[in-house]
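Descriptive analysis of the structure
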Amino acid sequence: MHLLDSPLWLRLVPYAFLQYYKPEDRHRVEFHELPELLRQEALAFRVDCVRCGWSGVCPIRERPRDSDYDRRRAVTGPYYYAGTCPQVVKPGCSRSSAASADLDRMVEAVRGYQAGGNSTPPPTEPKLF
Ligand SMILES: [Zn+2]
């Protein structure tokens, strides 16, 4: 199943935003801080790689909190979308035309959501107790 076809997408899209990456000349789909329960669900979600079909792809990924984290956080979200195998697993997938087409589809989905008058800030995290 693709992320766009899952019920999870409708809950995630309020937190999505587009970030332009000049070296790649394209937008990427980033996410603001997610409420904890949604975060856990998103990070556990798995889809099939849009290129090779491997079923273990996590489409919502958390950026590693290394020494560059704060610098990158100035321009990116703490989470981002990727519909292919991680580069370290299969480098060909993330650089494929299938990956580009998939990202274009995701960018359009975010734009469509925001164009629908739904660009208000995401809801605050619900209190558990
Ligand atoms: Zn793959």
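Note that the coordinates shown come from a computational prediction; the quantities given were computed from them, not determined experimentally.

Rules used in this analysis
Residues numbered from 1 in each chain as written. Predicted model: local features only at pLDDT ≥ 70, side-chain atom pairs only at ≥ 80, totals over all residues. Helix = DSSP H or I, 4+ residues; strand = E, 2+ residues; numbered from the N terminus. Buried ≥ 20, exposed ≤ 12 C-beta atoms within 10 Å, placed from the backbone. Contact = placed C-beta atoms within 7 Å. Pairing = 2+ DSSP bridges. Axes fitted to C-alpha atoms, helices over the stretch in contact; angles between N-to-C directions.

1. Some thoughts on the overall build of the protein
Summing up its helical and strand segments, the protein has 5 helices and 4 strands in all. The 129 residues of the protein split such that 22% are buried. A separation of at least 24 residues holds for 54% of the contacts in the protein among residues at least 6 apart in sequence.

2. Here we look at the sheet that holds strand β4 (residues 79–81)
Working definition: the strands of a sheet are paired by backbone hydrogen bonds and lie parallel or antiparallel to each other. Here 4 strands make up an open sheet; going across it, the order is β1-β2-β4-β3 and the pairing antiparallel. The open sheet has two edge strands with one neighbour each: β1 (16–21) and β3 (60–62). Between one strand and the next, the sheet's axes are offset by a mean angle of 40 degrees, whatever the strand orientation. Along the sheet, helix α5 (residues 97–115) makes contact with β1, β2 (26–31) and β4, crossing β2 at roughly 60 degrees.

3. Quick notes on the pairing of β2
Bridge count for β1 against β2 is 6 bridges, and the pairing is antiparallel. In the sheet register, F17 faces β2, and the bridge partner there is E30. Two successive antiparallel strands, β1 and β2, enclose a turn made up of 4 residues, where D25 displays a positive phi of approximately 50 degrees. The pairing of β2 with β4 spans 2 bridges and is antiparallel. Bridge pairing links E30 to Y80 in β4.

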